[in-house]
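Fold and geometry: a report
What follows is the residue order along each chain.
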Amino acid sequence: MRDTRESRLLLVLLVAIAFALITVDIRGGEESPVDGARQAAATVFGPVENGVAAAVNPVGNAIGAVRDSGSRHDRIAALEQENAALKAKLGSDDRSNSRVRQLDAMLKNAGAGQYGIKGAEVIAIGAAQGFSWTITIDAGADDGIRRDMTVLNGEGLVGRVTTVGPNTATVLLANDPGFTVGTRMEKTDELGFATGQGSRPLSVQFLNGKAKVKAGDRLVTFGSSKDKPFVPGVPVGEVVHVDPSGGALTRTVHVKPYVGFTKLDIVGVVVQAPRADPRDAVLPKQPAKTETKPKPTPTVTVTVQPNGDLVDGSGKVVGNINEKPGDGRAAGDAAQNQQGDAQGDAQPPGDAQPDNAANDQE
């Protein structure tokens, strides 16, 4: 439409009419004269509005989603960070509790054996040193660690120190094929030498070919000269299999070590040997064996009658001393006698004498 004087007058007129209709509609309330026109317009234009809304709503929702996507993304990121922090805290708590248990068990062993130890953490496992079973700990010469010192943990013998640096040291594990330690059996004091076999049980050769060994027997370290490389009394393991002696000068057994070499974390290096051999004091106490008491056998009191009948405490005839094994005649006679006595009791007093005479004759 062109901007002319007529068009301006028409626009002013339309606006005035609109205001007049609005005023009339408001004052009329429910009885407004334009209510009919409004309903007619709603009937005509209602479907059109619904169709336009259905077409426009997805676009509006998409625009709203794009507008709110930033805040939603930030909220999701915050929740993910919070979840990760909670998981890390739980994992840290579990690890801390495990370390506390390991340290507590190691200190108890050190106290029982009177060992002066230096605690250390395993920071690496050795594959570079000739593919041998070794670990690297975070303690070295600056911490008083020297070569050929015994290494243990809360379970038993871990190994010995082979290489020492300023802040780290390498430990050869007891299950390494190149590892050998002198052992002593609990109580019997039989001596032997244990050799590592990797993931298999240790192989122990006893010096006495006739040594009495059985599964379940426990071994500790025998000790070395001047306590290097091994101090005495450190638990080694438990016998799981005994090879036949076959008349050999030595006897070989297989020992399951107490230490799990694939899950080492906290270890202790013995920097001060005990003043005296702790013997078996470091070994854990075995549970006491419960002895099973024999069940009491019930006894029956039997009285022998003059005729040889065996009568129990209730007055019942249970046998006869004249009865032979497999012979039921005496028992039958005793039953007949009991039946006759019962019949005699049931008869009148006058008939009792013939029955008694018959029984006496028999």
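Let me begin by describing the structure that accompanies this report. (Residues numbered from 1 in each chain as written. Predicted model: local features only at pLDDT ≥ 70, side-chain atom pairs only at ≥ 80, totals over all residues. Heavy atoms only, no water.)

1. A look at the overall build of the protein chain
- Secondary structure summary: the protein chain contains four helices and 15 strands in total.
- Looking at the 362 residues of the protein chain, the share that counts as buried comes to 28%.
- Carbon and sulfur atoms provide 56% of the accessible area of the protein chain, an area that totals close to 24400 Å². (Helix = DSSP H or I, 4+ residues; strand = E, 2+ residues; numbered from the N terminus. Buried < 20%, exposed > 50% of the residue type's maximum accessible area, 1.4 Å probe, protein only. Areas by Shrake-Rupley, 256 points an atom, 1.4 Å probe, with all protein chains shown as cover.)

2. Examining the sheet that holds strand β15 (residues 317-320)
- Spatial strand order, β13-β14-β15: three strands in an open sheet with antiparallel pairing. The sheet terminates laterally at β13 (302-304) and β15, the two strands that pair on one side only. Each adjacent strand pair in this sheet contributes to an overall mean axis angle of 30 degrees, direction not counted.
- Note: strand β14 (residues 309-312) against β15, three bridges, orientation antiparallel. Among the inter-strand pairings, Leu310 is bridged to a residue of β15, identified as Gly319. (Pairing = 2+ DSSP bridges. Axes fitted to C-alpha atoms, helices over the stretch in contact; angles between N-to-C directions.)

3. Quick word on the environment of Gly159
- Relative to the helices and strands, Gly159 is located in strand β4 (residues 157-164).
- Through-space distance from the C-alpha of Gly159 to that of Phe261 is 9.8 Å; in sequence the pair is 102 residues apart.
- Beyond its immediate chain neighbours, meaning those up to four positions away, Gly159 contacts Met149, Thr150, Val151, Val171, Leu172, Leu173, Ala174, Phe179 and Phe230. (Contact = heavy atoms within 4.5 Å.)

4. Regarding the sheet that holds strand β3 (residues 150-152)
- Overall, antiparallel pairing links the six strands, which are arranged β1-β2-β5-β4-β3-β12 in a closed barrel. Strand-to-strand twist in this sheet, taken as the mean axis angle between neighbours without regard to direction, amounts to 45 degrees.
- As paired strands, strand β1 (residues 116-126) and strand β2 (residues 134-137) are joined by four bridges and run antiparallel to one another. Across the sheet, the residue bridging to Ala124 is Thr136, located in β2.

5. Considering the layout of surface pockets
- Reported here for the second largest pocket is a volume of approximately 270 Å³.
- Lining the second largest pocket are 13 residues, and of these Lys187, Lys214, Gly216, Asp217 and Gln286 sit closest to its centre.
- Tallied by class, residues from the lining of the second largest pocket come to three nonpolar, three polar and seven charged. (1 Å grid on protein atoms, 1.4 Å probe; cavity = no way out; pocket = protein on both sides within 12 Å on 5 of 7 lines; lining within 4 Å. Points joined across faces, edges and corners; volume = space filled by probe spheres on them. Nonpolar A, V, L, I, M, F, W, Y, C, P; charged D, E, K, R; others polar.)

6. A short note on the side chain of Asn109
- Relative to the assigned elements, Asn109 resides in helix α2 (residues 35-113).
- Looking at Asn109, its side chain comes within polar contact range of the main-chain oxygen of Asn153, at 3.3 Å.
- Sequence-distant contacts of Asn109, that is, excluding residues within four places in its chain, are made with Tyr115, Asn153, Gly154, Glu155, Gly156 and Val282. (Polar contact = N/O pair within 3.5 Å; in protein donor to acceptor, adjacent residues only side chain to side chain.)

7. Examining the pairing of strand β11 (residues 251-257)
- Within β11, five of the seven residues are buried, which leaves it mostly tucked inside the rest of the structure.
- In this sheet, β11 lies alongside strand β8 (residues 200-206) in antiparallel orientation, the contact comprising five bridges. Each residue of the ladder has a partner; that of Val204, found in β11, is Val253.

8. What about the environment of Asp143?
- Along the chain, Asp143 falls in the loop between β2 and β3.
- Since its relative accessible area comes to 32%, Asp143 is described here as partly exposed.
- Note: C-alpha distance between Asp143 and Lys118 (25 residues apart in sequence) is 7.9 Å.
- With residues up to four places along the chain from it excluded, the contact list for Asp143 reads Lys118 and Asp138.

9. Points about the environment of Ile321
- Note on placement: Ile321 falls in the loop between β15 and α3 (329-346).
- Sequence-wise, Ile321 and Asp309 are twelve residues apart; in three dimensions their C-alpha atoms are separated by 6.5 Å.

10. Some remarks on unusual backbone geometry
- Pro229 follows Lys228 through a cis peptide bond whose omega is 10 degrees.
- Phi at Lys187 is positive, roughly 70 degrees, even though this residue is not glycine.
- Along the chain, Lys187 falls in the loop between β6 (180-185) and β7 (191-197).
- A positive phi angle is found at Arg279, which is not glycine, with a value near 55 degrees.

11. Description of the packing of aromatic side chains
- In this structure the tally under the stated criterion is one aromatic pair.
- Centroid distance Phe179 to Phe230: 5.4 Å. Interplanar angle 70 degrees. Geometry classified as edge-to-face. You can see Phe179 sitting in the loop between β5 (169-173) and β6 and its partner Phe230 sitting in the loop between β9 (218-221) and β10 (235-242), a full 51 residues away along the chain. Taken as a pair, Phe179 and Phe230 share a single burial class, namely buried. (Phe/Tyr/Trp six-rings, centres within 6.5 Å; stacked < 30°, edge-to-face > 60°.)

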